[in-house]
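Spelled out from the first residue to the last, the chains are:
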Amino acid sequence: MGFHDTAGLYGAAAALRLALFTFFPALPDLLTSRVEVSTPVTSFKRLQEGLFLYSHNVSPYDGGVYHQAPLLLPLFSLLPNASMYPFFTYLVYIVVDIATADALYQIAESGEAAASKLFTSARKDRRWSGYVVAAIFLFNPFTIATCLGRPTNVFTTCAILHAVAKAISGHPLTSMLALSFASYLSMYPVLLLPPLLLLAYDRQNATNRVDSLVQFSLTAVLAVVACLSTLFTISYLLTGSWEFFASTYGIQLTLTDLTPNVGLWWYFFIEMFDSFRSFFLGVFWLHLSSYVGGLSIRVRSQPLAAITILLGIFSIFKPYPSIADISLSLAVVPLFRHVFPLMRYTFFAASTILYSAFLGPAFYYLWIYAGSGNANFFYAITLVWSLGQSLLVSDLTFAILRDEWEVERPEMAGKEIRQI
Amino acid sequence: MPNVQSFNALRARSYLLRLPLFTRAMIAVMIAFALAGLQGAWNIQEWGALIPRELSITTKRFETEFGTLTSLALFFGPLTTIPALIYVFFDRFVLGANHAVLGASLWVFLLLGMEGVRTYKTNPYLVIGTYHVPTWTTPLFMAVVVQALVPGTSFIGHLCGVGTGYLCTSRPADELARNKRAMPRLLATILTLRRDPRLLKLPPYLSLLCIVVGVAWLLLLPLHDYSRRTYISENALLPGQVHTYFGGSDQNVFRAYRHEVDALKDKDNLEINDELENIFKTIGFKVGRQNYTYHSAGNTYTGENVYAILQAPRGDATEAIVLVSAWKNVKGEFNRNGVAIALTLARYFKRWSLWSKDIILVIPPDSRAAIQAWVDAYHDSHDSSTIAALPIKSGLLQGAVAIDYPHEGRFEGVHIVYDGVNGQLPNLDLINSVNNIANGQMGMHSFIQEKLGHSDKYNDRLKTMLRGMMNQGLGHAVGPHSSFIPYHVDAITLQPVGNGWHDEMGLGRLVEGTFRSLNNLLEHLHQSFFFYLLIQKDRFVSIGTYLPSAMLIAVNFTIMAILLWVKSGAVGVSEPTEVSTIKSKDTVENKEGKEDLAAKPPTSPAVEREIYLPLGIVIACHFLGALPLFIFNHTPSYLLAPFFLAFSALNIFFPSLILNMVNSTSTRPLTLQQFFLLKCFSLLLLGMFLSSLATLNFSLAFLVGLISAPLSFARPWPETPIMRFGYAALLQIASPTSAVLIGAAVYASSLGSSGAGAAAGLLDTLQHILSEAAFGWDVWGLYIPVVVWCVWWPAWLVGSVVVLGQPNMKKMKSA
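The structure presented is a predicted model; accordingly, all values stated were derived computationally and were not measured. (Residues numbered from 1 in each chain as written. Chains lettered and ligands numbered in written order. Predicted model: local features only at pLDDT ≥ 70, side-chain atom pairs only at ≥ 80, totals over all residues. Heavy atoms only, no water.)

Counting its secondary structure elements, chain B contains 31 helices and 13 strands. Residues counted as buried form 50% of the 815 residues belonging to chain B. Counting only carbon and sulfur atoms, one obtains 64% of the accessible surface of chain B, whose full area is about 37,400 Å². (Helix = DSSP H or I, 4+ residues; strand = E, 2+ residues; numbered from the N terminus. Buried < 20%, exposed > 50% of the residue type's maximum accessible area, 1.4 Å probe, protein only. Areas by Shrake-Rupley, 256 points an atom, 1.4 Å probe, with all protein chains shown as cover.)

Quick look at the pattern of salt bridges now. If the charged atoms of two oppositely charged side chains come close together, the side chains can form a pair. Residues and elements named next belong to chain A. Summed over the entire model, instances satisfying the criterion amount to 27 salt bridges over all chains. Between Arg 402 and Glu 406 there is a salt bridge whose closest N-O contact spans 2.7 Å. Of this pair, Arg 402 and Glu 406 both sit in helix 18 (residues 375–408), 4 residues apart, which is roughly one turn of the helix. Taken individually, Arg 402 and Glu 406 each receive the classification buried, so the pair is uniform in this respect. Two residues, Arg 409 and Glu 411, come together in a salt bridge whose shortest N-O distance is 3.1 Å. For Arg 409, a relative accessible area of 36% puts it in the partly exposed group. (Salt bridge = Lys/Arg side-chain N within 4 Å of Asp/Glu carboxyl O.)

Residue and element names in this part refer to chain B. Overall, mixed pairing links the 8 strands, which are arranged 4-5-7-6-8-11-9-10 in an open sheet. The sheet is open, and its two borders are formed by strand 4 (286–296) and strand 10 (445–448), each paired with just one other strand. Going from strand to strand, the sheet's axes swing by 25 degrees on average, the running direction of each strand aside. Where strand 9 (residues 411–417) and strand 10 come together, 4 bridges link them in parallel fashion. Across the sheet, Ile 416 pairs through a bridge with Ile 448, a residue of strand 10. The strands that helix 13 (residues 269–283) touches are strand 4, strand 5 (299–310) and strand 7 (358–363); relative to strand 5, the one it contacts most, it runs at about 5 degrees. Those strands touched by helix 18 (residues 504–520) are strand 6 (319–324), strand 7, strand 8 (396–403), strand 9 and strand 11 (491–502), and its axis lies near 165 degrees from that of strand 6. (Pairing = 2+ DSSP bridges. Axes fitted to C-alpha atoms, helices over the stretch in contact; angles between N-to-C directions. Contact = heavy atoms within 4.5 Å.)

For the rest of this paragraph, the subject is a nonpolar patch on the surface. Together, Met84(A), Tyr85(A), Phe87(A), Phe88(A), Leu91(A) and Val95(A) make up an exposed nonpolar region whose accessible area comes to about 610 Å². Tracing the backbone shows Tyr85(A) in the loop between helix 4 (72–78) and helix 5 (86–110). (Patch = residues over 30% accessible without salt bridge, like charges linked within 9 Å, V, L, I, M, F, W, Y side chains within 5 Å.)

So, about the sheet that holds strand 12 (residues 532–536) of chain B. Residue and element names in this part refer to chain B. Strand order in the open sheet formed by 3 strands is 3-13-12, with antiparallel pairing between adjacent strands. For this open sheet the edge positions go to strand 3 (228–229) and strand 12, each flanked by a neighbour on one side alone. In this sheet, strand 13 (residues 539–542) lies alongside strand 12 in antiparallel orientation, the contact comprising 4 bridges. Directly across from Leu 533, in strand 13, lies its bridge partner Val 541. Across the sheet, helix 17 (residues 458–474) is in contact with strand 12 and strand 13; its angle to strand 12 comes to roughly 145 degrees. The strands touched by helix 19 (residues 543–569) are strand 12 and strand 13; relative to strand 13, the strand with the most contacts, the crossing angle is about 60 degrees.

In structure tokens, the structure reads:
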């Protein structure tokens, strides 16, 4: 397990992205302006706007365009101007993609998906190597489109996967640190804390392991809180006010920016009367977070499975999802290669996702550009898109549970089951 | 035996408690909805109503409520849909009525029906006095009572619910001992049905049926019952309601301008524009000029546009209407009268104070490239290295009318040309307004799709529709107005034709009337249809009626893809796969990548499919499509025809070449399963592309789908070479290259070249068509070449590979 194994793969992925950047110079800007790639909380264009304000000593949150974490600003202001020297920005995004792939490689190589501490699948020999899993991520069209469109949630993706990789390799503190970064950038990853905690707890190093789960979780939560507080303090010092809370996390919590996206929230909240708004915001967020506890308990023996399912659920039910989120959830699915034979609707789910991936832009075009359709066209397709994803997630959940069940009841393996 | 007296509160309570959980949940939901329905703000009734006519997609509902329908389909389970379908069937087709039903009473009666049958099994009769009433009839009584007591309920709807309830439970009594077993039983029945081998035989017929119905559907459209009369949706237009004053002394002005135009006939572009600028300035317009250069297929198209803006006396320069009169029309004829009448109209318009929108008069040197450059630059989406920006601009364009009048003398009527680039169409209201003004106010005839003297019979309607579809499918610009339509500016071209008694002033009044109507607009044209097929100037078919035909053809591919996916996982196909895998391993000793098949635990329920090689081939073929796309858009025009012929000849051998390449590079020849998967992915992609395309350009999707229909039934025939080569030959005829060649031949013969000149004529036509396609790609931004080379051609390629493939069937038989 070393870098020289995968250097060729990473080189090829970087070369492909560089070639696309070089030979199709209009492509990055085109993708940046697509609603499927850029959401109000991740858009590269909005980042540029914030950057401009920041570099002119105006609060980046003035004007209500920029809704991203404050610490991204000094990072990007170090780079040369993206409109004049786009190459450096491209390079950053390519490096982030490769770092993400490397984390994925480590996760896949650990074999955690099929054989965790508390559970070993009977099918654990049928798995893909880290090389294949990383390749599937790097050459996934959604990942490539995300890289070209340069939304800022690639950093979140990278941080989440590194958190998982570190947890598996027995570095709980580093893992919590990475998760704090992810949460700082996008807020929703904080929901991954319980399963990640369990994962880190299961995979502690023998030398300095903590036997009590309570003690371990308290330490870890403390670490996350400390890290987040530090980040918030730096942000406060950077922007000079606590305004950024309302403009970044507040926007996600209250969904004040109703730009269309591939998710399910915007249409509901456009149609909704204001008196119901806060109630349904509560319901939607409660719904999103309600999966965490249940899954952490039910799939206690396979925390990585819980994380995978949660990532799939987030990419469906987040307030501002984009194809960057599906590229993350599709990145971790191949880790569960061993349960693929148990999945029943892969073809249906894959073709639904494929169909909606093509019909979505067509209907968006009819609505926005041709003016001959309306918002219902696009929303109908986002429904289908979410249906495809939820099929995939529920099918994967079924397969994981069935796999677990067959270990408990080996005599039932391969038999038709019936719900009673 | 229960009787009426034995009913008491305790039993009712225990009955309620014994209700299944779902029933209880449903009752709670119903009550919640009833309560919610009491408040007026949120109209639940409209949201949930089931109105038979609106379900049939013949209405504009597709455009406006597509989302709602989809969500309905997603939310409602079979329990509602089955009785709902029965209800719709009864109400619409048996009784011919159209009543809306809504509410949860359907569920109530369905559950009552199920309950009634269950009670009947245990207690067959209810004794009232001396009469033994079968207990299963109680729901029916209840339906009658409810019908009598509660106003506004649907008796038929309730009966449908009860009927479905009866059907759900009408099985042997022992199976019905517990209600909660019924659902799994039903599922189990469906599951066993799913394994029925006869089910796998069905899809090819279904798919054929889809194609046949799709074509028949299209052929039915010209009938009277499937089309509607056009009507003006936008109230503000008020076509033909104003008196037009153009005429009288304007006749003299027109003659004078025609004289000026005649004098410029042989001058070059710049001299013409100098003179036109002078004229505009004398009238009192602001003038702008714009240079443009286009390169396409080795040719350069360059020139200068001149345009003038009349600032609205009553407007604020936020909106504008465009009058286009190109110096030359699309056929290259000198638009003598057109330019003269445009100048006269400009001078006339200047005298009026009623304009609330700016009027822009554009005189481009030709009707193809120049106007595109102008429209692009107006919307700031031009390539600034070759096309100049516009020096002056006005507001948002609300509509455009182009005059194409090379015709000399008096005319009989106007030909309305409406097709836009890439098959987009202008709002139907614009066409209707012009028709209305021409027919009603001017007493002129009007025509569409070059069909003069339309008999309004089936034949003429069909021809008109097919010509419209052809223009839409090719997506080329048919007049100077076409370039406006992609920018969502509704535009048409008017061409005076025939010999009649109308003079130039008549056309002028028609344009004046149209401009007065457009001037009335309060907002952009949006009320009427954007998707329609006109079968006569005043009859049209709306998208809800015609779209199913293209969708059915696209669906046929998807059905076959699903079938092949199922088949490829069936044991009959997978067994030889495994055998051959193991055999090849024994012989070749090649262990990379495929171990997992042999290591497969014998218990796994589904058969593992080898998807990577087929998927790779399909994706590679689609990327290969970029090659012809690049070649035919970057070759100089004189080489296009020879290149194309060479490519067509090569194309015949491409499938076998690919097959050989795959077979020689992979470790073993493709198996039957891999062929199934190959075709499955290819058809899935084709179906997906075509159904997406059908929403953008119906005609193109229909034509491509129809010609590639044989791909659905392509399969390997390893043991009957005749069948194999026969089908391969059929596919050759249906290939994109042959389609282009046949199209060129038909076009050439329609132009009338015959005999010895035919071959040369064919070559010329081919070159003309190909350079036109390249021109469209470079100038108009046509996406049709992408559809042909990156969607259709790869699908054809994979289909031919599948037909030519010879998977080893002997092993299959031995297994």
